[in-house]
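Coordinates in review
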Amino acid sequence: MIAGILSQSSQATAHDFTWDNLALASIKLDKNYDVDANVEWYMENYREATWNLARNDEFSMHEKKEETRKIFQNRIDQFDVERTFTLRANMEIGDYDFSNQEFPRDHNGPDSYWYKSSSKYSDSIPSTLKLFMKNYDFLHGVPMEPAAARAFIQSRKNRTGYVDRSVYAIVEFRIVKLKEEGELLAEALKVTYYRDSARRQPLGPTLVWEPKSASSNDQSAPSTSETTDRNVEGNADLSVVGSR
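Please read these numbers as outputs of a predicted model, since none were measured by experiment.

**Quick notes on helix H4 (residues 58-78)**
An α-helix turns once per 3.6 residues; consequently, residues spaced three or four apart project the same way. Here H4 spans 30 Å end to end across 21 residues, near enough to the 30 Å set by a 1.5 Å rise per residue. Regarding H4, the residues found buried are Ser60, Met61, Thr68, Phe72, Arg75 and Ile76. Along the axis of H4, the buried residues cluster in a sector spanning 115 degrees; they form a single face. Away from its buried face by more than 90 degrees, H4 exposes Phe59, His62, Glu63, Lys70 and Asp77. Tucked into the core, H4 has its buried residues touching helix H1 (19-29), helix H2 (39-46) and helix H3 (48-54). If you check the start of H4, you find a side-chain oxygen 3.1 Å away from the backbone N of Phe59, and it comes from Asp57.

**Quick word on the side chain of Thr192**
Following the sequence through the fold, Thr192 ends up in strand E8 (residues 183-194). Residue classification places Thr192 among the buried residues on the basis of a relative accessible area of 12%. Among residues more than four places away in sequence, those in contact with Thr192 are Tyr168, Ala169, Ile170, Leu207 and Val208.

**Concerning the pattern of salt bridges**
Evaluated as defined, the whole model comprises eight salt bridges. Notably, a salt bridge pairs Asp20 with Lys120, separated by 2.8 Å at the nearest N-O pair. Taken as a pair, Asp20 in helix H1 and Lys120 in the loop between strand E4 (113-117) and strand E5 (128-133) lie far apart in primary sequence, 100 residues in all. Each member of the pair, Asp20 as well as Lys120, carries the same accessibility label: buried. Asp164 is the salt-bridge partner of Arg156, the closest N and O atoms lying 3.6 Å from each other. Asp164 sits in the partly exposed class, given a relative accessible area of 26%. Taken together, the salt bridges that share partners define one network made up of Arg47, Lys64 and Glu67.

**Structural notes on the pairing of E5**
Summarising the sheet, E4 and E5 pair through five bridges and their orientation is antiparallel. When the bridges of E5 are listed, Trp114 appears paired with Leu131. Bridge count for E5 against E8 is four bridges, and the pairing is parallel. Bridge assignment links Met133 to a residue of E8, and that residue is Ala186.

**Comments concerning unusual backbone geometry**
One non-glycine residue, Gln101, lies in the positive phi region at around 50 degrees. The residue Gln101 is located in the loop between strand E2 (85-92) and strand E3 (102-104) in this model. A positive phi angle is found at Arg199, which is not glycine, with a value near 60 degrees. By relative accessible area, which is 8% here, Arg199 ends up buried.

Calculation rules
Residue numbers restart at each chain and count upward from 1, following the sequence in its written direction. Reporting in this predicted model follows two pLDDT cut-offs: at least 70 for local features of residues, and 80 or more for side-chain atom pairs to be given and counted; totals over whole chains, interfaces and linings ignore these cut-offs and use all residues. Note that water and hydrogens are dropped before the side-chain values are worked out from all heavy atoms of the structure. Helical segments are the DSSP runs of H or I of at least four residues, strand segments are the runs of E of at least two, and each set is numbered from the N terminus. By this rule, a helix spans an expected 1.5 Å times one less than how many residues it contains. Here the term buried applies to any residue with accessible area under 20% of the maximum for its type, exposed to any over 50%, and partly exposed to those in between, with areas from a 1.4 Å probe on protein chains only. An arc is given here, and it is the one of the directions from the helix axis to the C-beta atoms. Here, two residues are considered to be in contact whenever any of their heavy atoms come within 4.5 Å of each other. Identification of polar contacts relies on pairs of N or O atoms within 3.5 Å, with a donor-acceptor requirement for protein atoms, meaning one able to donate a hydrogen and the other able to accept it, and with residues adjacent in sequence counted only if both atoms are side-chain atoms. Note on definitions: salt bridges are taken to be side-chain nitrogens of Lys or Arg within 4 Å of carboxyl oxygens of Asp or Glu. Between any two strands, at least two bridges found by DSSP are needed for them to pair.

Here it is in structure tokens:
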């Protein structure tokens, strides 16, 4: 069994938001990616036992490189970059905005991103891969009617008056294109908000964000920065982090 980037899954299953999947998406979308030049990198990181046995034996290495190239190319060919990805996010909400009937968050613009890092980087794939959203209005706030919002705040208040303002989400998206090395552009398809880190208790029966229209993908907003480089609990992938 070959882990990570080599894992096989049903075509009906969404891709997890992992460095390996982002790396393979980057490879798939990069028309100039040189498979031959990266065969040894692939073998070292995803066929470690084979690499260890062959690395000091040029005859064995020659043989195993030919074998590995076929495996590598097959995984690239089989990877469906158009399949939906899922990302688990933690979000901190602010004080309720009665005018807009939502819990606002610090505004995020086109320069905000999620990221994954790994030690399995190469000359072609950087250690940190960044995911930018083409449509990002779901990052601005969590909508909720006043009565439900009040009940939510009351349910999060402890005996000292502290209110836990953490909410959780599952973001479904598809990758649109490779922006540049290490940077992918995605389109958010659906965001479901939850009150618990296990993501089993939706915030409300209809609290699901979906794009309003195709035109919403082309919206523009001032570039702003949110620096949320903190440890995240539960099974979240990563919070949104700053702008470049």
